[in-house]
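Structural characterization, general
Residues per chain are reported as follows:
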Amino acid sequence: MKTYKQINDRIESGKAVVLTADEIIDYVDRRGLEKAAEEVDVVTTATFGPMCSSGCFLNFGHSAPKIRMTEAWVEDVLVYTGIAAVDVYLGATQLRHGDPANMYPPGEFRYGGGHVIEDLVAGKTLQLFALSYGTDDYPRREIRTYFTIDDLNQAIMVNPRNCYQNYNVAINDSDRTIYTYMGALESGRENASYCSAGQLSPLLNDPHYDTIGVGTRVWLAGAHGHVYAEGTQHAGACERTADGVPMEGAGTLALTADMKQMRPEYVRGVSFRGYGVSLAMGVGIPIPILNQDILKRTCVRDRDIMAPVVDYSADYPQKTGNVIDHVSYAQLRTGEIEIEGQKVTVGSLSSYYKALEIANLLADEVRRGDFLLAEPSAPLPKDKAMKPLGIREKAS
Amino acid sequence: MSDTVTEKLMLFFPKCECEKPIIYHLVRDHDLIVNVYRAKVTPEEEGYLVLDVTGTEENIRQGMDFIRTFNVTVNSTGKGVTRDDNRCAHCGQCVSHCPTGALRIGNEATREVVYNEADCIECLACIRVCPFGACASAF
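Just so we're clear, the structure is a prediction, and the values are computed from it rather than from any experiment. (Residues numbered from 1 in each chain as written. Chains lettered and ligands numbered in written order. Predicted model: local features only at pLDDT ≥ 70, side-chain atom pairs only at ≥ 80, totals over all residues.)

A count of helical and extended segments in chain B gives three helices and eight strands. Each helix and strand of chain B, ordered N terminal to C terminal, gives the series β-α-β-β-α-β-β-β-β-α-β. Along the longest, intermediate and shortest principal axes, the C-alpha atoms of chain B span 50 × 40 × 20 Å. Out of the 139 residues belonging to chain B, those deemed buried represent 34%. (Helix = DSSP H or I, 4+ residues; strand = E, 2+ residues; numbered from the N terminus. Buried ≥ 20, exposed ≤ 12 C-beta atoms within 10 Å, placed from the backbone.)

What follows is the structure in structure tokens.
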């Protein structure tokens, strides 16, 4: 048994033993659980993938004369202005003004909110255009100017939902190609797409939210941020394997961090043909090895994690809840799965390569004493289920 | 007969050379087997052509010398489809859409996606499916 304080003391003295969620599997096999739990202080987990529920608050500071922005665009991408005068929220999936979307399907969606966020972190000069109705205290009615992230007072990423604990494997049962946030899916189950770092993914290494909670310090694209709430659609009450590993989406995290500290290679705008734009983010979360149970769960392997196979041509959009099969991440990683006797080629949307990079970067930071762990101030709910949206004909 | 080799080439034809049957002469005069992957004539009447040529090294050399007597640019490393290593996030989405395995997981441990240009048949599937815009066509 260790405490957060003991682990942080070891980190600060540069003596902490830190392994990635990838390395810990063999380590525990070699050393045994009991000995490894004494030796290891921290296991680092990570993921890199599209996370649509991402965005940022920006504060521009005041021009002279002042404006209270009522509509605003950054690089022609609409931002939300229904807050204070020069605060805006820029969302990852917002399209650029004039984008034809799916007018001539499949749309290309080359640039949108996610790309603006990427450009902002990369230090590029961006255009702000804003309008206002004008007031006595904020008389300016229009502004067009150019800025970089350094000119902003604050650029705070606030992502309501990142780090899905587990995720669907998407296939297409129809007779035409479909375009989804899981990529292009060819007809007749020709290909499948999945999106998880599997055995490296944060919440799959802490399936019961024993250490990851509100207040946990996280590595968000290189910045040190934290979990500020349960993520939207967090639903820990779900089907689980005998070992407690969720067999569907389950938990999520709401994350925040200072964008001025972020590294551009881990903040990337993405375009999904026929679907839209989003943001791919890199997240790393350290798991303190407080006891043997926590260590044991970080030893989860791709072969033990099952993902539901869902038809995105009918079952997903129509919300039937039907799951065709479950496959393990070990099977997915071979590049081919078998669904009802049919071989299906598999591609990923989540980058294990980048996740591994992040897990190692974070491990190095912890070893150097540059990243201390924060004890959660509140746990994530364990028994919450996902509610549907009812369609009611009238109020009450 | 000497051993034959196959080389992947990208040719750029400026406006004045587009109407000449240059490839025909590669076959007839230089005994080369030609496999065209992709060809395009732009509205400016410039032409692009990506192809394999198979023949003896000597015949390929002579064929290329012949092509260069025109104003045609020969790029012997292909480059019809390129991947920007800085934009590639190695997610692996392209891998399931690439019909020849030119884009594939090169290392099982790190799951790095590698691109072998020589295996690319210029179908452009990767350009359509890459969320990061890492793949691009020269024309």
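All names here are of chain B. For helix 2 (residues 57-68), with twelve residues, the first-to-last C-alpha span of 16 Å sits near the 16 Å given by 1.5 Å per residue. Here helix 2 has its buried residues at Asn59, Ile60, Gly63 and Ile67. Considered in projection along helix 2, the buried side chains sweep an arc of 100° and stay on one side of the axis. When the buried face of helix 2 is taken as reference, the exposed residues oriented beyond 90 degrees from it are Glu57, Glu58, Arg61, Asp65 and Arg68. Residues of helix 2 that are buried sit in contact with strand 1 (4-13), helix 1 (22-30), strand 3 (47-56) and strand 4 (73-75). (Expected span 1.5 Å × (residues − 1). Arc of directions from axis to C-beta. Contact = placed C-beta atoms within 7 Å.)

Structurally, chain B comprises domain 1 (4-75) and domain 2 (81-137). Between the C-alpha centres of domain 1 of chain B and domain 2 of chain B the distance comes to 26 Å. (Domains from an automatic or database assignment.)

Once that is clear, we can look at the pairing of strand 22 (residues 342-348) of chain A. All names here are of chain A. Judged from the four bridges that link them, strand 13 (residues 191-194) and strand 22 form a sheet pairing that is parallel. Paired with Asn191 across the strands is Thr345, a residue of strand 22. Strand direction decides the pairing type here: strand 21 (residues 336-339) and strand 22, joined by four bridges, are antiparallel. Bridge pairing links Glu336 to Thr345 in strand 22. If you look at the hairpin formed by strand 21 and strand 22, you'll find two residues sitting between the two strands, and Glu340 has a positive phi there, around 45°. (Pairing = 2+ DSSP bridges.)

Let us look at the environment of Pro207 of chain A. Residue and element names in this part refer to chain A. Considering the arrangement of structural elements, one finds Pro207 in the loop between helix 5 (202-205) and strand 14 (217-220). Owing to 22 C-beta atoms within 10 Å, Pro207 belongs among the buried residues under this scheme. Ignoring sequence-local partners within four residues, the contact set of Pro207 consists of Gly244, Val245, Pro246 and Arg297.

Model confidence for chain B is summarised by a mean pLDDT of 92, while 99% of its residues fall at 70 or above. Interface confidence in the predicted complex, given as ipTM, is 0.95; pTM for the same model is 0.96. (pLDDT = per-residue confidence, 0-100.)

What follows covers the interface of chain B and chain A. Chain B puts 17 residues into the contact, and the matching count from chain A is 24 residues. Along the lines of polarity and charge, the residues of the side of chain B that touches chain A split into seven nonpolar, seven polar and three charged. (Nonpolar A, V, L, I, M, F, W, Y, C, P; charged D, E, K, R; others polar.)

Next up on the list: the sheet that holds strand 7 (residues 126-131) of chain A. Residues and elements named next belong to chain A. Read across the open sheet, the four strands follow the order 5-4-7-8; overall the sheet is antiparallel. Each edge of the open sheet is held by one strand with a lone partner, namely strand 5 (77-79) and strand 8 (142-147). Within the sheet, the average angular offset between the axes of one strand and its neighbour, ignoring direction, is 25°. Note: strand 4 (residues 71-74) against strand 7, four bridges, orientation antiparallel. Along strand 7, the bridge assignment pairs Val74 with Leu128. (Axes fitted to C-alpha atoms, helices over the stretch in contact; angles between N-to-C directions.)

As a further point, take the pairing of strand 1 of chain B. All names here are of chain B. Bridge count for strand 1 against strand 3 is ten bridges, and the pairing is antiparallel. Each bridged residue has a counterpart across the sheet, and for Lys8 the counterpart in strand 3 is Asp52. For strand 1 and strand 4, the ladder comprises three bridges, and the chain directions are antiparallel. Bridge pairing in strand 4 places Phe12 opposite Thr73.

All names here are of chain A. Spatially, six strands are ordered 20-19-10-13-22-21 in an open sheet, and the strand pairing comes out mixed. At either margin of the open sheet sits one strand with a lone partner, and together these are strand 20 (325-328) and strand 21. For this sheet, the mean angle separating the axes of adjacent strands, direction not counted, is 35°.

In this section: the packing of helix 1 of chain B against helix 2 of chain B. Residue and element names in this part refer to chain B. At a closest axis distance of 10 Å, the pairing of helix 1 and helix 2 adopts a crossing angle of 145°. Between helix 1 and helix 2 lies a crossing whose hand is right-handed. For the pair helix 1 and helix 2, the contacting residues are Ile22, His25, Leu26 and His30 in the first and Asn59, Gln62, Gly63, Phe66 and Ile67 in the second. Of the residues that constitute the contact of helix 1 with helix 2, the class distribution is four nonpolar, five polar and no charged. (Left-handed = near helix turned anticlockwise from the far one by under 90°.)

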